[in-house]
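# Per-entry structural report
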Amino acid sequence: MEWKLNEQMVTGRQRKLRLAASFFILLMILFTLFSNTLLALTTPKAVLTVPSRGELVHHFTGSGIVNRKAEAALTNPAGWKATKVTVKKGDHVTKGQSLVTYDKQDAEQQILDEQANLKKLKLSNEEQKSNYIEAAQSGDEQSMKSAKRALDIGAIDVDMQERRIQRLQNDLHENSELLAPFDGVVTEVNAAEGLPSSGSPDIRISNTSLGFESEFLVPADSAVQLKIGDKLKVQVKGDEGLTVEGQVEQIQDGDSGLQGSTDPGGGAAVNVPMKKLQVALHDNALKGGESVKVELTQMTDDMILVPNQAIRDEGGKKYVYGVEEQDGPLGNTFYVRKIFITAADSNESVTAVSEGLFEQQEVILESSEPLREGDKIRIH
Amino acid sequence: MRGLALFRKLTLTLVMGVIAAAMLFPIAVTFTNSLMTEDEIGYNYHLIGKMADIGAGEKDGFINLKLLPDWISFRQYAEVLVHKPKFLHMFWNSVFLVVPIIAGQVLVASLAAYAFAKLRFWGREKLFVVYLMTMLMPFQVTLVPNYMIADKLGLMNSNSAIILPGIFSAFGVFMLRQFMAHIPYLYIEAAKMDGAGHLRIFYRVIVPLVKPGIAALVVLLFADNWNMVEQPLIFLEEAMKQPLSLYLSRINEGARGVAFAASVVYMAPMVMLFLYAESYLVEGIQLSGIKG
């Protein structure tokens, strides 16, 4: 009986152990099958990059507007009312072409008035003349002299009046119409039919034969290699793929400007001396008024280049995350390590590092989760 | 007189208790430490593996063995079972080395033991002595010939280089022969009278009777092969083929934080098997008069 009880106890314990063993084996199988999945859920994945040595290239884009080289502002100096505007903005005109016709009634009226005045003067001259003849016949020396003086004054008045009429007629001829001074394109029309000139030029016209020009403000550093006469590629914004050739005509000192557009995310904007480039453009495709840009490149010394994505900032101090590998009997484990660096320069994609990193030292480019120093990571 | 017997018994119990505690202590430490965090272990055992810097105020000599964790954490287990895929890989390497060895050796040894115990043929005893001699020689002695044979057969860096020598070991034959020797020949005679052949006798009569012996052999073989270090170290060059036993031989500074949990997982199959077959093992060792 006692033996049987003992046997039962043993089998009861064995059953439990069998259960435990099955559970253990099952657990090991499950972990074997799913540990990778669990690992992916618990450990951030990091993508590494190897910094390279090279020259940092700054690309700078300067923008400007295309303008005609020669432009004339045409105004009616007399301020007459416009009766007819024969051109509109963008019209090509030839030299001598009529642009605006003005109301000349007032001027004609004035000329008629002045001509009437002249007639009056001439009549009064006739009278003076007969006075003089009378005086001469009378032999009165005194009255003859005064008649002669009055006759001379009358002749001067007639001359003056004639000149005034001549001038008015000239004005009438010149101001009744606005003519194109050269072959060109109308760039602005301010004249409106029925209204007098408003102070601004009635017509602005650009000379087509002299071509275009544009001004660009660029950092002095990037313009250092440029000299007058250099050719530049100028891109026309908006017009897909249109690139025209420009020639540097003038390089002037410009105001200091903030260099912000070149390095989004890289470095604080600093005050840099700027240069103003005047570039002549000759291309029939240009119309004037287009936005254009020039791209300038600037090289720095040979340095270690790290993608900007890998550079992090902590209270103004820059650092990258490096990887520390710990060997173990169960394979290597990778930990995140913070490496402070000195960034010498940067452009829109890479930063040149002068201290803190050496070539071929792997740094973390991006990770599936935000990282902290000492975190364990998976590497792919 | 009775008081003396009681005193003797008490003393014996005390001595045995102390010995048992001493033996259980490392296991207890391993288990409790496996529930500590990596940081706690690092703090407790920071002196292991390096010289104490007395100049910096460190005390030489003693290490703070801590039994109870500050708080229970399964971080180590997660680390071992999830973050270290190589651990599981090595675990299954061990399983795929040990299971074929045990299965093969039980099959081969039980048949050979039957022959040595119950078949009468010329030179049986002499052959058995030769067999025993291979068992008496330590593994290292036969290592070089083993290596050369494995190399000639093109088995280097493959599991067979360990499994094949493991299967044909004299230990199982010897142990099961001792078991079978105790089976009265009359049983075999009776079976023969009923018209049973050797295979039927072996399968129907002998195997059921030596079940405890086989169980004991399985436990001893498991313990032996689960813990083998030299064979895989020599025959398996590729790290991804090596069993878990090699990992424990390589615990270093870097992996100290997970060593305890790894040890617990490593021990678990053996402990469970031992508890399961404990009664057979005791019986088997008693009968055959040997232990692993």
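Residues numbered from 1 in each chain as written. Chains lettered and ligands numbered in written order. Predicted model: local features only at pLDDT ≥ 70, side-chain atom pairs only at ≥ 80, totals over all residues.

## Some remarks on the overall build of chain A
Helix and strand content of chain A: three helices and 24 strands. Each of the 380 residues in chain A was classed as buried or not, and the buried ones make up 21%. (Helix = DSSP H or I, 4+ residues; strand = E, 2+ residues; numbered from the N terminus. Buried ≥ 20, exposed ≤ 12 C-beta atoms within 10 Å, placed from the backbone.)

## Things to note about the overall build of chain B
Secondary structure assignment for chain B yields 15 helices and zero strands. By residue count, 30% of the 292 residues in chain B fall in the buried class. In chain B, once contacts between residues fewer than 6 apart in sequence are set aside, the share between residues at least 24 apart is 81%. (Contact = placed C-beta atoms within 7 Å.)

## What to know about helix α8 (residues 170-181) of chain B
Spanning twelve residues, α8(B) covers 16 Å between terminal C-alpha atoms, matching the ideal 16 Å at 1.5 Å per step. Three or more residues of α8(B) are buried, namely Gly172(B), Val173(B), Phe174(B), Met175(B), Leu176(B), Arg177(B), Phe179(B) and Met180(B). (Expected span 1.5 Å × (residues − 1).)

## A short note on the environment of Asp183(A)
All names here are of chain A. Relative to the assigned elements, Asp183 resides in the loop between β8 (177-179) and β9 (184-189). Spatially, the C-alpha atom of Asp183 lies 8.9 Å from that of Ile205, the residues being 22 residues apart in sequence. Excluding anything up to four places from it in sequence, Asp183 contacts Thr94, Lys95, Thr208 and Ser209.

## Here we look at the nonpolar core
Core analysis: the largest hydrophobic core is formed by 40 residues, its most contacted members being Ala113(B), Leu176(B), Met180(B), Leu217(B), Val218(B) and Val219(B). When contributions to this core are tallied by element, the ones reaching two or more residues are α4 (85-118), α7 (160-167), α8, α10 (198-209) and α11 (211-226) of chain B. Apart from residues lying up to four places away in sequence, Leu176(B) is in contact with Ala109(B), Ser110(B), Ala113(B), Val210(B), Gly213(B) and Leu217(B). Ranked by size, the runner-up nonpolar core spans 19 residues in total, among them Met303(A), Leu305(A), Ala310(A) and Ile311(A). (Core = buried A, V, L, I, M, F, W, Y, C linked by C-beta atoms within 7 Å.)

## Some details on the environment of Gly238(A)
Relative to the helices and strands, Gly238(A) resides in the loop between β12 (231-236) and β13 (243-253). Along the chain, Gly238(A) and Val292(A) lie 54 residues apart, while their C-alpha atoms are 8.9 Å from each other.

## Describing the pairing of strand β20 (residues 333-340) of chain A
All names here are of chain A. Summarising the sheet, strand β19 (residues 317-326) and β20 pair through eight bridges and their orientation is antiparallel. Looking across to β20, one finds that Tyr319 is bridged to Phe340. Sheet topology note: the β20/strand β24 (residues 376-379) ladder contains two bridges and is antiparallel. Residue Tyr335 lies in a different strand from β24, and its bridge partner there is Lys376. (Pairing = 2+ DSSP bridges.)

## A closer look at the packing of helix α5 (residues 124-136) of chain B against α8(B)
All names here are of chain B. Taken N-terminus to C-terminus, the directions of α5 and α8 make an angle of 125°; their axes are 8 Å apart at the nearest point. As far as their axial angle goes, α8 and α5 are oblique. Crossing geometry of α5 relative to α8 is assigned as left-handed. Along the contact surface, α5 presents Tyr131, Leu132, Thr134 and Met135, while α8 presents Ala170, Phe171, Val173 and Phe174. Per-class residue counts for the contact of α5 with α8 are seven nonpolar, one polar and no charged. (Axes fitted to C-alpha atoms, helices over the stretch in contact; angles between N-to-C directions. Parallel < 35°, antiparallel > 145°, perpendicular 65-115°, else oblique. Left-handed = near helix turned anticlockwise from the far one by under 90°. Nonpolar A, V, L, I, M, F, W, Y, C, P; charged D, E, K, R; others polar.)

## Regarding the packing of α4(B) against α8(B)
Residues and elements named next belong to chain B. One way to put it is that α4 packs onto α8 with a least axis distance of 8 Å and a crossing angle of 50°. Between α4 and α8, the interaxial angle falls into the category oblique. Along this stretch, α4 crosses α8, giving a crossing that reads as right-handed. Where α4 approaches α8, its residues Gln105, Val106, Ala109, Ser110, Ala112, Ala113, Tyr114, Phe116, Ala117 and Lys118 are matched on the opposing element by Gly172, Val173, Leu176, Arg177, Met180 and Ala181.

## Some remarks on the sheet that holds β8(A)
Residues and elements named next belong to chain A. The strand order β5-β7-β8 describes an open sheet built from three strands, whose pairing is antiparallel. A single partner strand is all that each edge strand has here, and the edge strands are β5 (82-85) and β8. Each strand axis lies, on average, 20° off the axis of its neighbour in the sheet, ignoring direction. Two strands pair when backbone bridges link them, and β5 and strand β7 (residues 98-102) are joined in this way by three bridges, in the antiparallel orientation. When the sheet's bridge partners are listed, Lys84 is paired in β7 with Thr101.

## As for the sheet that holds β9(A)
Residues and elements named next belong to chain A. With respect to topology, four strands assemble into an open sheet ordered β4-β10-β9-β6, the strand pairing being antiparallel. Only two strands of the sheet have a single neighbouring strand rather than two, namely β4 (71-74) and β6 (92-93). Pairing geometry for β9 and strand β10 (residues 203-207), over five bridges, is antiparallel. Paired with Glu188 across the strands is Arg204, a residue of β10.

## A short note on the environment of Leu217(A)
All names here are of chain A. Relative to the helices and strands, Leu217 resides in strand β11 (residues 212-219). Taking the C-beta count within 10 Å as the criterion, Leu217 has 15 such neighbours and is therefore assigned partly exposed. As for Leu217 and Gln278, which are separated by 61 residues in sequence, their C-alpha atoms are 9.0 Å apart.

## Examining the confidence of the model for chain B
All names here are of chain B. Per-residue confidence for chain B gives a mean pLDDT of 84, with 88% of residues at or over 70. Within chain B, helix α15 (residues 278-288) has the poorest average pLDDT of any element, 71, and helix α1 (residues 2-33) the best, 92. Here the predicted complex carries an ipTM of 0.76, next to a pTM of 0.58. (pLDDT = per-residue confidence, 0-100.)

## Some points on unusual backbone geometry
Although it is not a glycine, Asn157(B) sits at a positive phi angle of roughly 65°. With respect to the element layout, Asn157(B) can be found in the loop between α6 (143-152) and α7.

## Things to note about the confidence of the model for chain A
Overall, the prediction assigns chain A a mean pLDDT of 79, with 90% of residues at 70 or greater. Per-residue pLDDT stays below 50 along residues 259-269 of chain A; that stretch engages in 21 contacts with residues further than four places along the chain or on separate chains.

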